[in-house]
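# Secondary and tertiary structure notes
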Amino acid sequence: MDASRTRAYALRATVCAAALVIGAALVAGCSAPLAPAGRDTPATARAAAMAADDLQSRYQRVIKEVLPSVVQIQASHDLGSGVVYDDRGHIVTNAHVIGAEKTFQVTTANDEEPLTASLVYSYPDQDLAVIKLDKVPDGLKPAVFGDSEKVEVGHIVLAMGSPLGLSSSVTQGIVSATGRTVSEGSDGGGTGATIANMVQTSAAINPGNSGGALVDLDGRVIGIPTLAAADPSLGGGAVPGIGFAIPVSMVRTIADQIVRDGKVVDSGRAALGITARTVVDDSYQPAGVAVVTVRGGGAAAAAGLQVGDVITRLGDERITTITSLSEALAAARPGARTRVTYERDGSGKSVEVTLGEQ
């Protein structure tokens, strides 16, 4: 798979809300008589037409306002999207878009000639990166970033980017769910990150949309489109209408640190302070995570975990693979106390652990 493409990863999602119910909005008039069933009055037809015109005008206004802040990023072999973060030329994108590259060609919505940019810092653990234009053009327009707390299921959203190299493209959908924890694959150029609190959307996220903007109808960026769901039974093909975006709260937390300090100094991601591997049982089924190394001074070391211990639970979450451990940690915060259940020399044990930071 070309690493320029939005990765359609086979993913394992930890889902807090198991079902999504979409209700139809009913509008009742208290002073006008009801029209016969199946028939529209001229007044209702005019109202429907006005509502459609208003929504279309709102779409067009948002696109006109935001699209100049969405850029196309070209590495030597890879292609993706990015969002102008400030008027100093910083652009936020996905780490998997920039890969191991250090220099890039950036095309804005208003310029035909590409601009040069350089890497500031890449943070693969959250699949985010910041690059900076070597020369800031006149009229560069930073995006307006929203508030993750105000993102709700059912909100209409637009995904803007450069799918398949088609710059300044827009797709439309809704917020399908929030709070998803998603693990992307490490094959095909992915970072292997496990990302918490992702925004699920029905807006089409196609190859090249990675790093672009997921925008609400107030013209505010609420997320960075990152990956699409894949169905292994269909050969790993992308599932239409199921895409995921990194929430704007995390984007701002990481990007602010990179712009200010040139790196991430406070990840906000919980860690045990170990390296580990998945182990299997006698039936060759994943059965836990074996500790390979323990970092001195880390959470696991402080709790007395040792090399060879096999972790089977973190709090109430059953741990069978590295991915399940990563997902459990992604949902926690540094400094939180939790119980780790593990096996040592064939005996089951448990211990309270104060989680560290990654």
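### Thoughts on the sheet that holds strand S6 (residues 115-123)
The strand order around the closed barrel formed by six strands is S2-S3-S4-S7-S6-S5, and the pairing between neighbours is antiparallel. On average, each strand axis in the sheet is tilted by 40° relative to the strand beside it, whichever way the strands run. Where strand S2 (residues 70-74) lies against strand S3 (residues 79-84), five bridges are found, and the strand directions are antiparallel. For Val 70, the partnering residue across the bridge sits in S3 and is Val 83. Where helix H3 (residues 248-261) meets the sheet, its contacts fall on strand S4 (90-93), S6 and strand S7 (128-133), and the angle it forms with S7 comes to roughly 50°.

### A look at the pairing of S7
With five of six residues buried, S7 lies mostly within the body of the structure. Inspection of the sheet shows S6 paired to S7 by six bridges, in the antiparallel sense. The residue of S7 that forms the bridge with Ser 122 is Ala 129. Linkage of S6 to S7, two consecutive antiparallel strands, is achieved through a turn of four residues, within which Asp 127 is found at a positive phi near 55°.

### Observations concerning the environment of Thr 226
If you trace the backbone, Thr 226 turns up in strand S12 (residues 221-231). Along the backbone, Thr 226 and Met 198 are 28 residues apart, and their C-alpha atoms lie at a distance of 9.5 Å. Among the polar contacts made by the side chain of Thr 226, one reaches the side chain of Asn 94 at a distance of 3.1 Å. At 2.8 Å, the side chain of Thr 226 forms a polar contact with the backbone oxygen of Ile 224.

### Side note on the side chain of Thr 93
With respect to the helices, strands and loops of the structure, Thr 93 is situated in strand S4. From its side chain, Thr 93 meets the backbone oxygen of Ser 81 in a polar contact 2.6 Å long. What Thr 93 contacts, discounting residues up to four positions off in sequence, is Ile 73, Ser 81, Gly 82, Ile 98, Asp 127, Leu 128, Ala 129, Ser 210 and Gly 211.

### Observations concerning the environment of Val 97
Within the secondary structure, Val 97 is located in helix H2 (residues 95-98). Between the C-alpha atoms of Val 97 and Asp 78, which are 19 residues apart in sequence, the distance is 6.9 Å. Once you skip the residues sitting within four places of it in the chain, Val 97 turns out to touch Asp 78, Gly 80, Ser 81 and Ser 210.

### What to know about the pattern of salt bridges
Tallying each qualifying case throughout the model produces five salt bridges. We note a salt bridge from Asp 218 to Arg 58, for which the minimum N-O separation is 3.3 Å. With Asp 218 in the loop between strand S11 (213-216) and S12 and Arg 58 in helix H1 (residues 42-66), this pair connects stretches of sequence that are 160 residues apart. Its relative accessible area of 54% is what places Asp 218 among the exposed residues. For Glu 352, the salt bridge is made with Arg 337, and the minimal N-O distance between the two is 3.9 Å. Separated by 15 residues along the polypeptide, Glu 352 in strand S20 (residues 347-354) and Arg 337 in strand S19 (residues 337-344) bring together distant segments of the chain. By relative accessible area, Glu 352 is classed as partly exposed at 34%. The class for Arg 337 is exposed, based on a relative accessible area of 55%.

### Some words on the nonpolar core
If you look at the biggest cluster of nonpolar residues, it comprises 34 residues, and the most contacted ones within it are Val 83, Val 92, Phe 145 and Met 160. Put simply, the parts of the chain that give this core at least two residues each are H1, S7, strand S8 (156-161), strand S10 (194-201), S11, S12, strand S13 (237-247) and H3. The element that contributes the greatest number of residues to this core is H3, accounting for seven residues. Beyond its immediate stretch of four places on either side in the chain, Met 160 contacts Val 62, Ile 63, Val 66, Leu 67, Val 70, Ser 169, Val 170, Asn 209, Gly 212, Ala 213 and Val 215.

### Some thoughts on the environment of Asp 345
Structurally, the position occupied by Asp 345 is in the loop between S19 and S20. Along the primary structure Asp 345 and Gly 308 are separated by 37 residues, whereas in three dimensions their C-alpha atoms are 8.5 Å apart.

### Here we look at the pairing of S10
Across the eight residues that make up S10, a large majority, seven, are buried. Across five bridges, the pairing between strand S9 (residues 169-183) and S10 is antiparallel. In the strand pairing of S10, Ala 177 is matched with Gln 200.

### Things to note about unusual backbone geometry
Backbone geometry at Asp 127 places phi at a positive 55°, although glycine is not the residue there. Secondary-structure assignment places Asp 127 in the loop between S6 and S7. Of note, the phi angle at Tyr 284 is positive, near 65°, even though the residue is not glycine. Within the secondary structure, Tyr 284 sits in the loop between strand S15 (274-280) and strand S16 (286-294). Residue classification places Tyr 284 among the exposed positions, given a relative accessible area of 69%.

Definitions and cut-offs
- Residues numbered from 1 in each chain as written.
- Predicted model: local features only at pLDDT ≥ 70, side-chain atom pairs only at ≥ 80, totals over all residues.
- Heavy atoms only, no water.
- Pairing = 2+ DSSP bridges.
- Helix = DSSP H or I, 4+ residues; strand = E, 2+ residues; numbered from the N terminus.
- Axes fitted to C-alpha atoms, helices over the stretch in contact; angles between N-to-C directions.
- Contact = heavy atoms within 4.5 Å.
- Buried < 20%, exposed > 50% of the residue type's maximum accessible area, 1.4 Å probe, protein only.
- Polar contact = N/O pair within 3.5 Å; in protein donor to acceptor, adjacent residues only side chain to side chain.
- Salt bridge = Lys/Arg side-chain N within 4 Å of Asp/Glu carboxyl O.
- Core = buried A, V, L, I, M, F, W, Y, C linked by side-chain atoms within 4.5 Å.

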